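Breakdown of the fold
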Amino acid sequence: YFSNDIPKGLKSVPGPKSLPIIGNVLEMGSKPYLTLTAMRQHYGNVFKIRIGMRPVVVLSGSETIRQALVKQGDDFSGRPNLHSFSYINDGKSMTFSTEKAGVWRAQRKLAYSALRSFSTLDATTPEYSCMLEEHIVKEADYLIKEINTVMKTEGSFDPFRYIVVSVANVICGICFGRRYDHHDKELLSLVNLSDEFVKVTGSGYPADFIPVLRFLPNKTLKAFVSINERFKNFVSKIVTEHYATYNKDNIRDITDSLIDHCEDRKLDENANVQISDERIVGIVNDLFGAGFDTVTTALSWSVMYLVAYPDIQERLYQDLKEKVGLDRAPVLSDRSNLPYLDAFILEIFRHSSFLPFTIPHCATKDTSLNGYFIPKDTCVFINQWQVNHDPELWKDPSSFNPERFLSADGTEVNRVNGEKVMVFGMGKRRCIGEVIARNEVFLFLAILINNLHFEMFPGEPVDMTPEYGLTMKPKRYHLKAVMRAKKE
Ligand code: HEM
């Protein structure tokens, strides 16, 4: 956009000079969260780079981000039409598609209410407070047994490989009413191969901005297309089974409830028929996809921080022993008595910032922010990593210190500081799985720490450098897990 197109009274968004064709791709490098955080020092909270031919506005600073995503929420609630997004659920994804606001909003409302009702549903026995708790406690039990078995047979284990099945099973339980064995080949091959998915969907993937890169041999993009296809086939097989066994009087899970919604709508003459059944039932695709990789990543980081900080691991264990005891499994309602565990989780979210940028946004109309003109359809990156490492918000942001989230006397979580951490986005596109995610991370972690002691093998240094992507994962290590004695 040219400076003479800018409405009177508004300024042009500042930013570095860019090269023809590739734009600022080289400066962004392999860790865009660091380079774009450094650029903010020069250009401020609203600046512009070019990726390929396309201008991208990068937002930093929690107040500026709040202004855009909350106060001017509608202006910034779109998704850009990126090439890679068109492969996700055949371009019909609620999360990634560039669909008009009306369709996305209706899908989001349905998704939100389905998630809420199927996670808070009564458990099958009064032992558990809700369905979500029952799924997590049972899966955590299986997980500990699996880790024990593999420790006995192989002497080490890869945390991601086992955690991912347990977490996938929780969301499978809610969405599909079923779980998979830890050695189920179909599920394993699907959930263990999400590296290319997060690489391509990470903000600034060059082939989305420089078309020629799509036509050169590109292994990552090829793998990405194939992952999406397999993902869709996996879910659509389950959906077909649900249609075949659907019974209006027995809604078993989220898939059934979405089918039910489509059926209801057919009877209702006033219904809004704009959204196809495919887009409605396709919501389970979004929920399943968003529900396993994120939480697995959070838990994988948690285990890495436990081995990197053995003193913290010990304090967490002692706390659990004292507040929950060793005769029963921790449950969700223990959370308020375990402020140090809550603080540890908040510090993992902040320090790792494993979702460094939200999913890219896009301006839905010509708008302005902090006095700068932002034209319709501009792609917008939200730098969550910057907010979580902003020296104006955090003392010594690069050090890992859960205590920053405790009250002065250590008996409570400091809610004000907790709310400054930004990992779930903000405003209209804010994560709809946040409550479920926080509960899963808390309860899986409490049960793991209560039962196992995690260690690195001696002499192996812990490298905490993440791999860049939509979610950033720790390097995959083989660790040691030692069973805690149950009676002391
Ligand atoms: C979107 C974070 C777990 C469902 C998002 C976004 C972020 C996020 C940053 C994008 C916000 C934006 O574009 O501005 C996380 C983190 C999680 C987590 C850090 C775990 C620790 C979950 C779970 C579910 C879920 C468990 C579902 C069960 C979704 C959906 C969207 C979303 C459907 C798309 C919303 C939309 O585009 O309107 N999440 N999430 N997330 N999340 Fe999560």
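Residues numbered from 1 in each chain as written. Predicted model: local features only at pLDDT ≥ 70, side-chain atom pairs only at ≥ 80, totals over all residues.

**Points about the overall build of the chain**
- Looking only at helices and strands, the chain has 18 helices and eight strands in total.
- Scaling as 2.2 N^0.38, a compact globule of 488 residues should have a C-alpha radius of gyration of about 23 Å, and the chain matches this with 23 Å.
- Taken along its principal axes, the extent of the C-alpha atoms in the chain is 75 × 60 × 45 Å.
- Residues counted as buried form 43% of the 488 residues belonging to the chain. (Helix = DSSP H or I, 4+ residues; strand = E, 2+ residues; numbered from the N terminus. Rg over C-alpha atoms; globule rule 2.2 N^0.38 Å. Buried ≥ 20, exposed ≤ 12 C-beta atoms within 10 Å, placed from the backbone.)

**Points about the site of the ligand**
- Looking at the ligand, there are 25 residues lining it, with Ala-290, Thr-358, Gly-425, Cys-431 and Gly-433 nearest.
- Those elements that provide at least two residues to the shell around the ligand are helix H4 (101–120), helix H13 (283–308) and helix H18 (434–451). (Near = placed C-beta within 6 Å.)

**Overview of the pairing of strand E6 (residues 379–382)**
- The side-chain alternation of E6 yields two buried faces, one formed by Cys-379 and Phe-381 and the other by Val-380 and Ile-382.
- Relative to E6, strand E2 (residues 54–59) runs parallel, the two sharing four bridges. Note on E6: the bridge partner recorded for Leu-59 is Ile-382.
- Direction of pairing for strand E3 (residues 361–362) relative to E6: antiparallel, over a ladder of two bridges. Paired with Cys-362 across the bridge in E6 is Cys-379. (Pairing = 2+ DSSP bridges.)

**Some words on the nonpolar core**
- Grouped together as the largest cluster of nonpolar side chains are 127 residues, with contacts concentrated most on Leu-287 and Leu-445.
- Setting aside its immediate chain neighbours within four residues, Leu-445 contacts Leu-299, Ser-302, Leu-341 and Ile-345. (Core = buried A, V, L, I, M, F, W, Y, C linked by C-beta atoms within 7 Å. Contact = placed C-beta atoms within 7 Å.)

**Digging into the pairing of E2**
- The pairing of strand E1 (residues 46–51) with E2 spans six bridges and is classified as antiparallel. Paired with Lys-48 across the strands is Val-57, a residue of E2.
- Hairpin connection from E1 to E2: two residues lie between these consecutive antiparallel strands, with Gly-52 at a positive phi of about 65°.

**Quick notes on the packing of helix H14 (residues 310–323) against helix H15 (residues 339–352)**
- Here H14 crosses H15 at 145°, and the two axes come no closer than 9 Å. Contacts from Ile-312, Arg-315, Leu-316 and Asp-319 in H14 reach Tyr-340, Leu-341 and Phe-344 in H15.
- For the contact of H14 with H15, a count of residues per class yields five nonpolar, no polar and two charged. (Axes fitted to C-alpha atoms, helices over the stretch in contact; angles between N-to-C directions. Nonpolar A, V, L, I, M, F, W, Y, C, P; charged D, E, K, R; others polar.)

**Notes on helix H3 (residues 62–71)**
- The set of residues buried in H3 consists of Ser-62, Ile-65, Ala-68 and Leu-69. Burial along H3 is one-sided: seen end-on, the buried residues are contained in an arc of 135°. Residues of H3 that are exposed and point more than 90 degrees away from the buried face comprise Glu-63 and Lys-71. (Arc of directions from axis to C-beta.)

**Remarks on the UniProt feature "binding site: heme" (unreviewed entry) in the chain**
- When the UniProt feature table is mapped onto this chain, "binding site: heme" (unreviewed entry) is found at Cys-431.
- What makes Cys-431 partly exposed here is the crowd of 18 C-beta atoms within 10 Å.
- Excluding residues within four positions of it along the chain, Cys-431 makes contact with Phe-424 and Gly-425. (UniProt positions renumbered as here; feature names shortened; annotations may be inferred.)

**Some points on the sheet that holds E2**
- Pairing within the open sheet is mixed, and its four strands lie in the order E1-E2-E6-E3. Each edge of the open sheet is held by one strand with a lone partner, namely E1 and E3.

**Examining the environment of Leu-132**
- Turning to its location among the elements, Leu-132 is positioned in helix H5 (residues 131–154).
- On the basis of neighbour count, Leu-132 is assigned to the buried category, with 24 C-beta atoms found within 10 Å.
- Residues Leu-132 and Asn-45 lie 87 residues apart in sequence; the distance between their C-alpha atoms is 39 Å.
- With near-sequence residues (within four places) excluded, Leu-132 lies in contact with Ser-119, Ile-436 and Asn-439.

**Concerning the environment of Ser-18**
- Within the secondary structure layout, Ser-18 lies in the segment before helix H1 (25–28).
- When the C-alpha atoms of Ser-18 and Glu-403 are compared, they prove to be 42 Å apart, with 385 residues separating the residues in sequence.
- Discounting residues that sit within four places of it in the chain, Ser-18 has contacts with Gly-23, Asn-24, Ile-49 and Arg-50.

**Quick word on unusual backbone geometry**
- Here Asn-89, not a glycine, exhibits a phi torsion of approximately 45°, which is positive.
- Residue Asn-89 is classed as buried on the basis of its 24 C-beta neighbours within 10 Å.
- Non-glycine residue Asp-90 carries a positive phi angle of around 50°.
- Mapped onto the fold, Asp-90 is located in the loop between H3 and H4.

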